[in-house]
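Results of the structural survey
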Amino acid sequence: MQEITYLAPTSLGDVYEALADGKKSVLLAGGTDIIIQLREGRSDAEQVIDLKHIPELTQFAFNSAGDLEIGAAVPFAEIYENAEVIERFPALIDCATLVGGVQIQSRAGFGGNLCNASPAADTSPALIALSAILRIGSANTVRELAVEEFFLSPGQNALEKGEVLLQVVIPNAGTNSGAYFHRFIPRNEMDIAVANVGVSLSLNNAGDLIEDARVAIGAVAPTPLLVSAAAEALIGKEPNAETFSAAGDAAAAAAKPITDMRGSAAQRVHLSRVLTVRALERALERSKGN
Amino acid sequence: MAGRRTQVQTKLNGEETDFLCEPRQSLLEVLRDELGLTGTKEGCNNGNCGACSVLVNGRVANACCVLGVEAEGADITTIEGIADGDKLHPLQQAFLEEAALQCGICTPGFIVSSKALLDSEPEPDEERVRFWLAGNLCRCTGYDKIVRAVLKVSNTSDNG
């Protein structure tokens, strides 16, 4: 690994100052990708800025509106061990327990997984389905961005120079709603998605009409995709097999995958359809518990 | 070309331990090369195999994915800190009794990772043990003997 300087600031002000000092900097949260990239010469950073000593970034809490605000450096394990998160946002648990093994989940979290901007990241489709908002800070201001706007290309996120991802905010989904994250890998555990899907459904009180829906697909395009055509196939319809099948068709039509060592383009299109239908069935089940 | 070295204060296997390291060194390199604790093994060195599993503040982590300087103020447990003096930890004893190792490179990682599981969940079932140990790779045993060893401790803790 090349020579680096390590900084462990304890305030956001110090982070912004370090980002402005002219050195090539990389922000460190869990480090499970960044440290490997540095060691393997895939990063030319001269300076590592550790975010794990900044209170705003290492805490998570439900705010007064019932939204979950997760600091960008909170590891997955802290999230999926929390009883209230398990109860309120099971789709977060679906994806958080699948990113690497427990050794990774002890360190890595939603913030780093998003910033890494992998097309196959397991948290992205779930967070898009849940309408997550990213709070992004810089020395002068804080802005908010819908998570689906955050991915520009493989490995490239929408952070501008001097900006830091502060929190991932997951809005209170309310009653009669359910979400689910589904992934296909050829092994049982510890693999990168061939395709993955996140969905959310909100139903009327009677449970026989879909009032709102979101479908997001991953590993089938250069970035994870929010599939508006799939939502259109769902909203205003009865939650039944025919409706879900139409949404699956829309997801398959939106998928623009490549063939690589993990799977063929045709397989990924097929998986987008099947995973969407199955995820919708399970999200519907969850909506009944709310 | 030694770079600038930083002093890091940790609690390592129960003892206050200071060390000097370069910011670019991983915790794995520090443990093995600076502190002589070679029980923690280097496998893939990229976060996939779990051979370098250590406990950082009670959570299991791959030491290859942690910088030595990140250990400042942390409580670290390595395989060297698992036994009670000459008395093997029940997991170590069970691994021997169940022949849960062949070449042995993965074994320290499996034991440290298994300890983290049993510390938080004393009686995991087989599915839970297999899911938890998914981040530890073994190319010799086929896993069955390892899982059996962990379950043996899981069950015996029942008997006090």
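Below, the structure is looked at part by part. Along every chain, residues carry numbers that run from 1 in the direction the sequence is written. As they are written, the chains are lettered A onward and the ligands numbered 1 onward, keeping that order. In keeping with the model being predicted, local features are shown solely for residues with a pLDDT of at least 70 and side-chain atom pairs are shown and tallied solely at 80 or more, while totals for entire chains, interfaces and linings include all residues. Calculated side-chain values reflect all of the structure's heavy atoms, with hydrogen atoms and water omitted.

What follows is about the interface of chain A and chain B. Contacts between chain A and chain B engage 30 residues on the former and 30 residues on the latter. Summed over both partners, the accessible area lost on bringing two parts together, with a 1.4 Å probe, is the buried area. Summed over both partners, the interface of chain A with chain B buries about 2500 Å², with 57% contributed by carbon and sulfur atoms. Any carboxyl oxygen of Asp or Glu within 4 Å of a side-chain nitrogen of Lys or Arg constitutes a salt bridge here. Across the chain A-chain B interface, the total number found is 4 salt bridges. Glu3 of chain A is the salt-bridge partner of Arg24 of chain B, the closest N and O atoms lying 3.8 Å from each other. The definition of a polar contact used here is a pair of N or O atoms within 3.5 Å, where within protein one atom must be able to donate a hydrogen and the other to accept one, and adjacent residues in sequence count solely through side-chain atom pairs. The tally of links between chain A and chain B comes to 8 residue pairs in polar contact (both at pLDDT 80 or more). Of all the secondary structure elements, the ones that give two or more residues to the side of chain A that touches chain B are strand E1 (5-7), helix H2 (34-39), strand E3 (47-50), helix H3 (76-80) and helix H6 (102-105) of chain A. Classifying every residue of the side of chain A that touches chain B gives 12 nonpolar, 9 polar and 9 charged. A contact between two residues is defined here by any heavy atoms of the two lying within 4.5 Å. The numbering of helices and of strands both runs from the N terminus, where a helix is a DSSP run of H or I of at least 4 residues and a strand a run of E of at least 2. When residue character is reported, Ala, Val, Leu, Ile, Met, Phe, Trp, Tyr, Cys and Pro are called nonpolar, Asp, Glu, Lys and Arg charged, and the others, Gly included, polar.

A few words now on unusual backbone geometry. Its identity is not glycine, yet Asn176 of chain A carries a phi of approximately 55°, on the positive side. Among the secondary structure elements, Asn176 of chain A is positioned in the loop between strand E10 (164-170) and strand E11 (177-184). A positive phi is found at Asn13 of chain B, a non-glycine position, where the angle reads about 50°. One can find Asn13 of chain B in the loop between strand E1 (6-12) and strand E2 (15-21).

A word on empty space enclosed by the protein. A cavity, in this analysis, means grid points on a 1 Å lattice covering only the protein atoms where a 1.4 Å probe fits yet has no way out; a pocket is instead an open set bounded by protein on both sides within 12 Å along at least five of seven lines, and a residue lines either one if it has an atom within 4 Å of a point. Grid points are joined across faces, edges and corners, and a volume is the space filled by probe spheres set on the points. Going through the model one piece at a time under the given rule, you end up with 1 cavity of 30 Å³ or more. Together, Thr97, Leu98, Gly100, Gly101, Val102, Gln105, Arg183, Glu189 and Met190 of chain A together with Phe131, Trp132 and Ala134 of chain B line the largest cavity. The set of elements that each furnish at least two residues to the lining of the largest cavity consists of H6 of chain A together with helix H4 (126-132) of chain B. For the lining of the largest cavity, the class distribution of residues is 6 nonpolar, 4 polar and 2 charged.

Another point: the packing of helix H2 (residues 90-97) of chain B against helix H3 (residues 107-120) of chain B. Residue and element names in this part refer to chain B. Axes, fitted as lines to C-alpha atoms, cover a helix only where it is in contact. Angles between the N-to-C directions of the axes lie from 0 to 180 degrees. Put simply, H2 and H3 touch, their axes get as near as 10 Å, and they point 130° apart. As judged from the angle between their axes, H2 and H3 are oblique. The way H2 lies across H3 gives a crossing that is right-handed. Here Leu91, Gln92 and Phe95 of H2 lie close against H3, whose contacting residues are Thr107, Phe110, Ile111, Ser114, Lys115 and Leu118. Looking at the contact of H2 with H3 residue by residue, the classes come out as 5 nonpolar, 3 polar and 1 charged. If an angle is under 35 degrees, it is roughly parallel; if it is over 145, roughly antiparallel; if it lies from 65 to 115, roughly perpendicular; otherwise it is oblique. Put simply, a crossing is left-handed when the front helix is turned counterclockwise from the back one by less than a right angle, and right-handed when it is turned clockwise.

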